[in-house]
Amino acid sequence: MNLRSLIKTAILTATLLGGGLTGSSAESDSIKEGKKDNIVNKLIRYFEKSNKHEITTRPHFTFIAGPHYSKESGFGLGLVLGGSYSTEPRDSLVPLSNISIVGDIATKNLYLAGLRGEHFFPDNNRRINYSLGIKSQSAYFWGIGYDWGVRNSNKMKYRALDVGLSASFEWRVFGRFFIGPVFDGIMFSAHNPASKVNWQGEPLSHFSISAGGRFSYDTRDNHTATNKGIYLEVTQLFAPRFIGNGHYSYSSTEVSANIFTPLWTGATLATRLHGAFTYGRTPWGKLPSLGDGTMRSYYEGRYRDKDCIDALVELRQKVIWRSGIVLWAGAGTVFPRFSEIRSREILPEFGLGYRWEFKRNSNVRIDYGIGRHSSGFVFSLNESF
């Protein structure tokens, strides 16, 4: 993927577009001061005030928009309406709840809309995580298994449509330990591929419903731009035939261990060890894969199989004002079973990122990663983990 000069263009345009949609209070301030207003002054005041708003039970929203580019989606415009609030503003121990409304449109037939967020109850003993999204795009599918993904000649273009809903409700059982039910529903389909051979006999469309539970341990200081703490999570889902999975019956286990260590002023070392494992007959759209959510250097879904493991080390450094940089290195692989893990199939990556804090603990991130015969460019909101 060719980054060119888009990192600089993306962040500058994003901040200008976000700053250009400020309210009238900034203008009234300049009138009182008797100074001629301009877009630079409006922009500076907008971001200065975004971190000074009063925390209330009603979400305080900030709008930001900006261009992005990737080899897969082409040029596009991403829109984010991010809000933060507290269910108990007088208690600083209750984490800030957050909600994000996102949209995206790009030249290579990408259309995306979504809603996601975290809600923390006043007693800080319960919390809800939720995500709802619909995405339609021209995508690529290499097949199932490392041997299919590593051969670029297997790259098959198709029209993808994904509609998903996931939610969890967790209770604090003691200390920083949480447990609760999880629901996941997704409809995925592949339209108009030139050939079906890459799907290896799998149906192109499927509707999957999973339910199960999650156990977590969480000491993070915040959930969107963590500086210190530990987050451990185990999610177990079951997808039997009788709840609407057709001829498929499978289960999945996902394990994640994230550790955030302060180093020096403005610096955090973030480490992540992640694994996803499936059992039974798993539909192709629910197979674990490497990609944007785990390894940013690889096309999401290019490498997929029954199981997946990845590890990442990331250095996050604040530089000046609201700017920061990120350096990371990682590795991961996919495999059908543990006995078939091969060292030659471990995929490395390293990358460089830029961060812009458009409001407290909410970053716009621009990342460029390089992997084995692959590279990736990501423009998104908040940290990757």
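Structure: see above.
Computed from a predicted structure; not experimentally measured.

1. Quick notes on the nonpolar core
Logical step 1: F141, Y158, A190, W199 and W284 are the most contacted members of the largest nonpolar core, which totals 16 residues.
Logical step 2: Put simply, the parts of the chain that give this core at least two residues each are β5 (126–141), β6 (156–174) and β7 (177–191).
Logical step 3: Excluding residues within four positions of it along the chain, Y158 makes contact with Q137, S138, A139, Y140, F141, S189, A190, H191, P193, W199 and W284.
Logical step 4: Judged by nonpolar contacts, the second largest core, of 8 residues, contains Y146, M295, C308 and V334.

2. Observations concerning the side chain of R214
Logical step 1: Looking at where R214 falls in the secondary structure, it is placed in strand β8 (residues 205–218).
Logical step 2: A distance of 3.1 Å separates polar atoms of two side chains, one belonging to R214 and the other to S168.

3. A few points about the side chain of E349
Logical step 1: As for its placement among the helices and strands, E349 is situated in strand β14 (residues 347–359).
Logical step 2: Buried and unpaired, E349 has no salt bridge, with R296 as the nearest side chain of opposite charge at 5.1 Å.
Logical step 3: Looking at E349, its side chain comes within polar contact range of the side chain of S297, at 2.6 Å.
Logical step 4: For E349, the side chain forms a polar contact with the side chain of W328, separated by 3.1 Å.

4. Let's talk about a nonpolar patch on the surface
Logical step 1: On the surface, V173, F174, I179, F215, V234 and V255 cluster together into a nonpolar patch covering about 490 Å² of accessible area.
Logical step 2: In this structure V234 comes out as partly exposed when scored by relative accessible area, which is 36%.

5. Observations concerning the pattern of salt bridges
Logical step 1: This model, assessed by the stated rule, comprises 17 salt bridges.
Logical step 2: Note that E383 is salt-bridged to R316, the shortest N-O span being 3.8 Å. Of this pair, E383 sits in the segment after β16 (374–381) while R316 sits in strand β12 (residues 307–320), and the two are 67 residues apart along the sequence. R316 carries the same exposure label as E383, and that label is buried.
Logical step 3: Here D367 ties to R365 by a salt bridge, and the two come within 3.0 Å at their closest N and O atoms. Pair check on accessibility: D367 and R365 agree, each one buried.

Analysis parameters
Residues numbered from 1 in each chain as written. Predicted model: local features only at pLDDT ≥ 70, side-chain atom pairs only at ≥ 80, totals over all residues. Heavy atoms only, no water. Core = buried A, V, L, I, M, F, W, Y, C linked by side-chain atoms within 4.5 Å. Buried < 20%, exposed > 50% of the residue type's maximum accessible area, 1.4 Å probe, protein only. Helix = DSSP H or I, 4+ residues; strand = E, 2+ residues; numbered from the N terminus. Contact = heavy atoms within 4.5 Å. Polar contact = N/O pair within 3.5 Å; in protein donor to acceptor, adjacent residues only side chain to side chain. Lys, Arg positive; Asp, Glu negative; His and termini not counted. Salt bridge = Lys/Arg side-chain N within 4 Å of Asp/Glu carboxyl O. Patch = residues over 30% accessible without salt bridge, like charges linked within 9 Å, V, L, I, M, F, W, Y side chains within 5 Å. Areas by Shrake-Rupley, 256 points an atom, 1.4 Å probe, with all protein chains shown as cover.

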